[in-house]
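The primary structure of each chain is shown beneath.
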Amino acid sequence: MIARFTPDAWRERRRAVLEKIKSAIRDVPDFPKPGIVFKDIAPVLGDPVLFSAVIDIFADRHRDAGIDKIAAIDARGFIFGGALSDRLGAGFVPIRKKGKLPYKTFEQSYDLEYGSAELAVHQDAFKPGERVLVIDDLLATGGTAEACAKLIGKAGGEVVEMDFLIELSFLKGRDKLKGFSVFAPIVF
Ligand code: AMP
C-alpha cells in the first residue's frame, strides 16, 4: 500500500516549510537607504531545499491553471520566474528596467518613494489573450507590480495572478492591485 499524507498532515507540512523559509529571510536594516529594512532572500536561494520548496509552492498552485507565460520583474523576480517557467512548461518574459531590452518596447512609469522609475517589456512578448502569471520576490507598496500589470495589458496579455514570496502587509500593496488575484505565502 502507498502511504499518503492526510489533508491535515499536508497543511502541517506546508506550515513547517513556510516557517523555515520565513526564518531564513534576513533583515538588513538601512539598506538601500536609511529607514528601509531590506528583506534579503539570499539565504533562501542559497539553500537548495528551501529554494526548491519555494518553487514547489508556486508550481503546486498553478500546475493545471493553463499559464502561457511567466512575467518576472527585474531583478529578483527572474530567479523564481525562470525556475517556475521550466516547472510549468510556460514561456518566460522579463519585465525590465527601461533601457535594458534590445527590441521595440512598451514602457510604463511608476512612483517610487522619491521620484519615479520606468519598466519596459518587448512589444511582441505576448500573443493576444495569453494567460500570464506575474512573479516577484516581494510586494511592498504595489507600485512596481501595478506598472507591470499595465505593461502586460499594453502588450496584449491577460494577468491571471500576481505572486510574491513575501508581502509587507503594512504597506498595503494589495490596495493598488485591486481587481487582480494576489498570492503571497509569507507575510510580515
Ligand atoms: P513596491 O513597488 O513598493 O511594491 O516595491 C516592490 C519592489 O521593490 C520589489 O521588486 C522588491 O524586490 C523591492 N523591495 C521593496 N521593498 C523591499 C524590501 N523592504 N526588501 C526587499 N526588497 C524590497
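The coordinates are above.
Presented here is a report on the structure given in the accompanying data block. Position numbers for residues count from 1 along each chain, tracking the sequence in the order it is written. This being a predicted model, a pLDDT of at least 70 is required before a residue's local features are given, and a value of 80 or more before pairs of side-chain atoms are given or counted; all residues contribute to the totals for chains, interfaces and linings. Water and hydrogen atoms were dropped before computing side-chain values, which therefore reflect all heavy atoms in the structure.

Along the protein chain, the regular secondary structure elements total 6 helices and 10 strands. In this setup the radius of gyration rests on C-alpha atoms only. A globule is expected at 2.2 Å times the number of residues raised to 0.38. In terms of C-alpha radius of gyration, the protein chain reaches 17 Å, essentially the compact-globule figure of 16 Å for 188 residues. Projected onto its principal axes, the C-alpha coordinates of the protein chain cover approximately 55 × 40 × 30 Å. Counting the 188 residues in the protein chain, one finds 40% classified as buried. Contact between two residues is taken to exist if any of their heavy atoms lie within 4.5 Å; hydrogens are not considered. Here the contacts in the protein chain between residues at least 6 apart in sequence split such that 58% fall between residues at least 24 apart. The accessible surface values rely on the Shrake-Rupley method and a 1.4 Å probe; as for residues, cover is taken only from the protein chains in view. Of the roughly 10,300 Å² of accessible surface on the protein chain, a fraction of 54% belongs to carbon and sulfur atoms. None of His or the chain ends enter the tally, which takes Lys and Arg as positive and Asp and Glu as negative. To locate a charge, the coordinates of NZ of Lys, CZ of Arg, CG of Asp or CD of Glu are taken. With 28 positive and 27 negative side-chain charges, the protein chain shows a separation of 1 Å between the mean positions of the two kinds. For the purposes of this entry, the term helix denotes a DSSP run of H or I that reaches at least four residues, the term strand denotes a run of E that reaches at least two, and both are numbered from the N terminus. When accessible area is computed with a 1.4 Å probe and restricted to protein chains, residues below 20% of their type maximum are described as buried, those above 50% as exposed, and intermediate ones as partly exposed.

Oppositely charged side chains may form a pair once their charged atoms are brought near each other. Salt bridges are defined as contacts in which a side-chain nitrogen from Lys or Arg sits within 4 Å of a carboxyl oxygen from Asp or Glu. Going through the model one piece at a time under the given rule, you end up with 15 salt bridges. Residue arginine 26 pairs with aspartate 40 through a salt bridge whose shortest N-O separation is 2.7 Å. One end of the pair, arginine 26, is in strand 1 (residues 26–29); the other, aspartate 40, is in strand 2 (residues 37–40), with 14 residues separating them in the sequence. On the accessibility criterion, aspartate 40 (14% relative accessible area) is buried. Taken together, the shared-partner salt bridges connect Arg14, Asp60 and Arg63 into one network.

Moving on, we come to the packing of helix 3 (residues 48–62) against helix 4 (residues 76–88). Every axis in this analysis is a line fitted to C-alpha atoms, fitted for helices over the stretch in contact. Angles between the N-to-C directions lie between 0 and 180 degrees. Relative to each other, helix 3 and helix 4 sit at 55°, their axes nearing to 10 Å. Relative to helix 4, the element helix 3 is oriented oblique. The two elements helix 3 and helix 4 cross, and the hand of that crossing is right-handed. For the pair helix 3 and helix 4, contact is made by Phe51, Ser52, Val54, Ile55, Asp56, Phe58, Ala59 and His62 and by Ile79, Phe80, Ala83, Leu84, Arg87 and Leu88, respectively. Roughly parallel refers to an angle under 35 degrees, roughly antiparallel to one over 145, roughly perpendicular to one between 65 and 115, and oblique to any angle outside these ranges. Note: crossing handedness is left-handed where the near helix turns anticlockwise from the far helix by less than a right angle, and right-handed where it turns clockwise.

Turning our attention to the environment of phenylalanine 80. Counting through the fold element by element, phenylalanine 80 comes out in helix 4. Note: C-alpha distance between phenylalanine 80 and isoleucine 25 (55 residues apart in sequence) is 15 Å.

Here we take up the site of the ligand. Close to the ligand lie 13 residues, the nearest being Asp136, Asp137, Thr141, Gly142 and Thr144. For the ligand, an oxygen atom lies 2.8 Å from a polar atom in the side chain of arginine 76. Under this definition, polar contacts are N or O atom pairs within 3.5 Å; protein pairs additionally need one hydrogen-donor-capable and one acceptor-capable atom, and for neighbouring residues in sequence, both atoms have to be side-chain atoms. Taking threonine 144, its side chain carries an N or O atom lying 2.5 Å from an oxygen atom of the ligand. If you list the elements that add at least two residues to the shell around the ligand, you get strand 2, strand 7 (131–139) and helix 5 (143–154). Within the shell around the ligand, the residues separate by chemical class into 5 nonpolar, 4 polar and 4 charged. By convention in these notes, a residue is near a molecule or strand provided one of its non-hydrogen atoms lies within 4 Å of it. For this classification, the nonpolar set comprises Ala, Val, Leu, Ile, Met, Phe, Trp, Tyr, Cys and Pro, the charged set comprises Asp, Glu, Lys and Arg, and every other residue, Gly included, is treated as polar.

By secondary structure assignment, the location of glutamate 161 is in strand 8 (residues 158–167). Accessibility expressed as a relative area gives 6% for glutamate 161, which makes it buried. Setting aside its immediate chain neighbours within four residues, glutamate 161 contacts Arg61, His62, Val132, Leu133, Val134, Ser181, Val182 and Phe183.

In this scheme Phe, Tyr and Trp rings, the latter by its six-membered ring, pair at centre separations within 6.5 Å, and the angle between planes marks the pair as stacked below 30 degrees, edge-to-face above 60, and tilted otherwise. Scanning all chains against the criterion turns up 6 aromatic pairs. Aromatic side chains phenylalanine 31 and phenylalanine 38 sit 5.2 Å apart centroid to centroid with 90° between the ring planes, which places their arrangement in the edge-to-face category. Taking the relative accessible area as the measure of exposure, phenylalanine 38 reaches 19% and is therefore buried. Taking the centre distance of 6.3 Å and the plane angle of 85° together, the rings of phenylalanine 58 and phenylalanine 183 count as edge-to-face.

Note that every value here comes from positions in space, so none of it alone points to a role or purpose.
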